[in-house]
Amino acid sequence: VKDEESLENGHSGKGVMKTRGMVSGMCYALASCSMMLMNKHVLSSFGFHSMNSLLLYQTLMCVILVKTFEALGFYKLERMTWPLIKAWLPVNFIFVGMIWSSFFALKFLGVAMVTVLKNCTNLLVVVGDIALFGRRQSKLVWVSLALMLLSGVCGAATDLSFDAVGYTWQLVNCCFTAAYSLYLRFVMNRVSALTASKSNLDEFSMVLFNNLLSTPFILVLMLYFGELSPEGSVLNEPAIYTHSFQAAASLSGLLGFGISFSSLWFLHESSPTTFSLVGSLNKIPTAVAGLMFFHAPTSTENLMSIGVGLLAGVAFTQAKIMDGKK
């Protein structure tokens, strides 16, 4: 009887873990898609050029929301200590580089091309996943990666508005995104020894650390690009005095909180490879929405590259099903 109860409890635990993984993945996918579309809208529809100021606004909104929910009694945040801060600062540096470079890529490229090119991140993550965590992937996962890379090549070859600067920024973004996924997982596996409870750092505390400790890096960028100077101050931007921009920027801040929490939660429930691949599969509806909302020039060949991405999604899903059976 005890053996049957243990077996039943084991199946129940696996079911809960699977459900948490699916829910966290869906939240991450929705937040990621909405965040990219909203950032493109803010950066291209209002003539707003102070991208670092927008990034600072988003991170500060995340900090305010996290502290507000703590004050309301929803959770208790981990107290910041110097050992924790030192362990987390590299994450903040990579986080700022990832978001910052994505802003520049979105400024020069259409949403569809950004989403296709982001698939190049996957190969970097898989290689890092193998080197750092010793994880091995099945043949079908490699097939899905090959299809994703092929879709990226097809998309680039059929780009009707090629921009070398935008492609360069997107390549930089791929490197930062892969580093973020891998190093964050590395830190999350080891930070428990530095917490007061000697347990894993909860998602809300990680959101607070990620955004609050990123502020100094963003201020340095604002200073370097002249956004704090009297001539180039963000206060000189006409857009910030319009209600439509204020609403869009605030919504982007709310979505920033959503993607900060959901990405950390999903990465905690999965592996860097799954995190990156699900993010890439989510780029397919994002690319379609970008083509529809922003009227980007496209062609039949460009749309075919999205179809290749869909095939990659089918291959990845089949690979995960087979891995689960094993």
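Procedures and definitions
Residues numbered from 1 in each chain as written. Predicted model: local features only at pLDDT ≥ 70, side-chain atom pairs only at ≥ 80, totals over all residues. Heavy atoms only, no water. 1 Å grid on protein atoms, 1.4 Å probe; cavity = no way out; pocket = protein on both sides within 12 Å on 5 of 7 lines; lining within 4 Å. Points joined across faces, edges and corners; volume = space filled by probe spheres on them. Helix = DSSP H or I, 4+ residues; strand = E, 2+ residues; numbered from the N terminus. Nonpolar A, V, L, I, M, F, W, Y, C, P; charged D, E, K, R; others polar. Core = buried A, V, L, I, M, F, W, Y, C linked by side-chain atoms within 4.5 Å. Buried < 20%, exposed > 50% of the residue type's maximum accessible area, 1.4 Å probe, protein only. Contact = heavy atoms within 4.5 Å. Axes fitted to C-alpha atoms, helices over the stretch in contact; angles between N-to-C directions. Left-handed = near helix turned anticlockwise from the far one by under 90°. Polar contact = N/O pair within 3.5 Å; in protein donor to acceptor, adjacent residues only side chain to side chain. Parallel < 35°, antiparallel > 145°, perpendicular 65-115°, else oblique.

Peer 1: Please explain the layout of surface pockets as it appears in this structure.
Peer 2: Picture a little ball the size of a water molecule; that probe, rolled over the atoms, points out where space is still empty. There is about 200 Å³ of room inside the second largest pocket. F48, S53, L54, Y57, V234, L235, I240, F245, Q246, A249 and S250 together form the lining of the second largest pocket. Elements with a contribution of two residues or more to the lining of the second largest pocket: α2 (51-71) and α10 (243-269). If one sorts the elements of the lining of the second largest pocket by residue count, α10 sits on top with four residues. The class makeup of the residues in the lining of the second largest pocket is eight nonpolar, three polar and no charged.

Peer 1: When you look at the nonpolar core in this model, what are you seeing that I'm missing?
Peer 2: The nonpolar side chains of soluble globular proteins are, as a tendency, buried together. Within the largest apolar cluster, 67 residues are counted, with the highest numbers of intra-cluster contacts made by F48, L54, V66, W88, Y180, L184 and F245. The residues touching L184, leaving out its near neighbours within four places in the chain, are W88, V91, A179, L264 and L267. Counting five residues, the second-largest nonpolar core is a separate cluster that includes A112, I284, A287 and L291.

Peer 1: Would you mind going over the packing of α2 against helix α8 (residues 203-212) with me for this structure?
Peer 2: Between two packed helices, the angle of one axis relative to the other and the distance separating the axes together describe the packing. Between α2 and α8, the least distance of the axes is 9 Å, while the angle of their chain directions is 145 degrees. For α2 against α8, the interelement crossing comes out left-handed. On the side of α2, the interface is formed by T59, C62, V63, V66 and K67, while α8 contributes F204, V207, L208, N211 and L212. Each residue belonging to the contact of α2 with α8 can be placed in one class, and the counts come to seven nonpolar, two polar and one charged.

Peer 1: Looking at this model, I keep getting lost on the side chain of N39. Mind explaining?
Peer 2: Tracing the backbone shows N39 in helix α1 (residues 2-45). At a separation of 3.0 Å, a polar atom in the side chain of N39 contacts the side chain of Q58.

Peer 1: Got a minute to help me understand the environment of S250 in this structure?
Peer 2: Summarising the element assignment, S250 is placed in helix α10. For the pair S250 and L54, spaced 196 residues apart in the sequence, the C-alpha separation amounts to 9.7 Å. Once you skip the residues sitting within four places of it in the chain, S250 turns out to touch Y57 and M61.

Peer 1: What is the right way to read the packing of helix α3 (residues 82-108) against helix α7 (residues 164-188) from this model?
Peer 2: In contact at an axis separation of 8 Å, α3 and α7 are set at 155 degrees when each is read in the N-to-C sense. Viewed along their axes, α3 and α7 adopt a mutual orientation that is roughly antiparallel. As for how α3 packs across α7, the hand of that crossing is left-handed. Counted by class, the contact of α3 with α7 contains 21 nonpolar, seven polar and no charged residues.

Purely geometric stuff here, so don't read any function into it on its own.
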